[in-house]
Amino acid sequence: MISKLAKSLAPYVPGEQLNDRRYIKLNTNESPYPPSPAVKAALDAFDYRQLRLYSDPEAAELRAAIAEANGVTPDMVMAGGGSDEILTCAFMAFFDAGDNIFYPDITYGFYPVLSRLFRLNPQTPPLDGALRADIDDYMRADGHIVTANPNAPTGIALAPSEIERVLAADGRRLFIADEAYIDFTEDKSCAPLLKKYDNLLIIRTYSKSHNLAGMRLGYALGAPALIDALRRVKNSFNPYNLDRVSIAAGAAAILDAPYLRETAAKIIKTREDTRLGLEKLGFEVLPSEANFLFARREGISGGQLYRTLRENGVLVRYFDKPRVSDFIRISIGTPADMSRVLEILKECEEYQ
Ligand SMILES: *Cc1c(COP(=O)(O)O)cnc(C)c1O
């Protein structure tokens, strides 16, 4: 009964959601802070009786808010149920089976999963020894490119000026910049390039810097022709992709820019404090501009670090893959969460 396609899939593995005890959960890059008070106000004002009616397939209210927050027009915005849904639409809108797709060998795990689902032909230029991307690998690419910027799980960002070289080199080649963590960087967004280039698609999520992972909201910014292609795909499998509650909450959240900046700034501060703490314990920490740190300590495997933290009530992630298996990825929680992490890692050093 099962299709060859379904049998061949290698689905995405999310961070664990363990319930056997209370954990400090630092394994899926969620925010430690609640959504904006404007979201609460929107939810309180929401009339549940409206749920009798289908939602707006164009999500006009939400797209207008996203457009305003980003200084673009609504025809340059597509909204979806998490950026994973937007990415899925993009894979269908811009690739045919057998097409090349370029992404780094170490990056967000959803790209290989989707490449398999849509039978694409992945080309994966390796990150260098410092786990940085070499932009020249993409200058030569004969196919569209997708990358997280900052990259995951390294947290390292490319400069928009480097990405601009790729955009300018070939206007028929699409560059998809997945800016899930962009609010934790300093000026690394490609958004200013949207005015100049029609071959740039930016994808953003509400799950990290908007403190709304539980709501499932994401969006794309790009030239109207690209957005129209995404909309055609979306309307071919889930026209009412966003519910009425998400549309209202999403509009309220993005218009509260001061709150978003304030929580992102707190997380950046905690990230830098944690970096220093880890370095004092002898860890090598990559120069992350995201809401997580990717770190390793000589003589201990990523698996060991992960298990030690879990036994002590903290969940982080490690990736049992060549070149990164010594690292753990620690999402940035509250300052108290991070003190606990450092305390556990310090003890584990003392037993060595
Ligand atoms: C978390 C993450 C996403 C997924 O975000 P959702 O909006 O929750 O689907 C997409 N891309 C990257 C790089 C991420 O880290």
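Caption draft 1: Representation of the sheet that holds strand 4 (residues 121-123). Read from one edge to the other, the open sheet built from seven strands follows the order 2-8-7-6-5-3-4, with strand pairing classed as mixed. Each having just a single partner strand, strand 2 (77-80) and strand 4 make up the two edges of the open sheet. Within this sheet the neighbouring strands show an average axis-to-axis angle of 20°, counted without direction. Pairing of strand 7 (residues 200-205) with strand 8 (residues 218-222) involves five bridges; the strand directions are antiparallel. Bridge pairing links Arg204 to Tyr219 in strand 8. In the packing of helix 3 (residues 60-70) onto the sheet, contacts are made with strand 2, strand 7 and strand 8, and the angle to strand 2 comes to roughly 125°.

Caption draft 2: Main features of the environment of Pro57. Following the sequence through the fold, Pro57 ends up in the loop between helix 2 (37-45) and helix 3. You can call Pro57 partly exposed: its relative accessible area is 32%. Considering only alpha carbons, one finds Pro57 and Lys4, 53 residues apart in sequence, at a separation of 32 Å. Setting aside anything within four residues of it in sequence, one finds Pro57 in contact with Lys234, Pro239 and Tyr240.

Caption draft 3: Here's a closer look at the packing of helix 4 (residues 83-94) against helix 5 (residues 110-117). Between helix 4 and helix 5, whose axes approach to 10 Å, the crossing angle comes to 40°. Classified by the angle their axes make, helix 4 and helix 5 are oblique. The interaxial crossing formed by helix 4 with helix 5 has right-handed handedness. Of helix 5, the residues touching helix 4 (which contributes Asp84, Leu87, Thr88 and Phe91) are Phe110, Tyr111, Leu114 and Ser115. Here the contact of helix 4 with helix 5 is built from residues that sort into five nonpolar, two polar and one charged.

Caption draft 4: The nonpolar core, seen in detail. Ranked by internal contacts, the top residues of the largest apolar core, which has 39 residues, are Leu62, Ile66, Leu200, Tyr206 and Leu221. For this core, the elements supplying multiple residues, two or more each, are helix 3, strand 2, helix 7 (160-169), strand 6 (175-178), strand 7, strand 8 and helix 9 (244-255). Dropping the residues within four chain positions of it, Ile66 is found in contact with Val77, Ala79, Tyr206, Tyr219, Leu221 and Ile254. With 31 residues, the next largest nonpolar core counts Ala152, Ala180, Tyr259 and Leu345 among its residues.

Rules of the game
Residues numbered from 1 in each chain as written. Predicted model: local features only at pLDDT ≥ 70, side-chain atom pairs only at ≥ 80, totals over all residues. Heavy atoms only, no water. Pairing = 2+ DSSP bridges. Helix = DSSP H or I, 4+ residues; strand = E, 2+ residues; numbered from the N terminus. Axes fitted to C-alpha atoms, helices over the stretch in contact; angles between N-to-C directions. Contact = heavy atoms within 4.5 Å. Buried < 20%, exposed > 50% of the residue type's maximum accessible area, 1.4 Å probe, protein only. Parallel < 35°, antiparallel > 145°, perpendicular 65-115°, else oblique. Left-handed = near helix turned anticlockwise from the far one by under 90°. Nonpolar A, V, L, I, M, F, W, Y, C, P; charged D, E, K, R; others polar. Core = buried A, V, L, I, M, F, W, Y, C linked by side-chain atoms within 4.5 Å.

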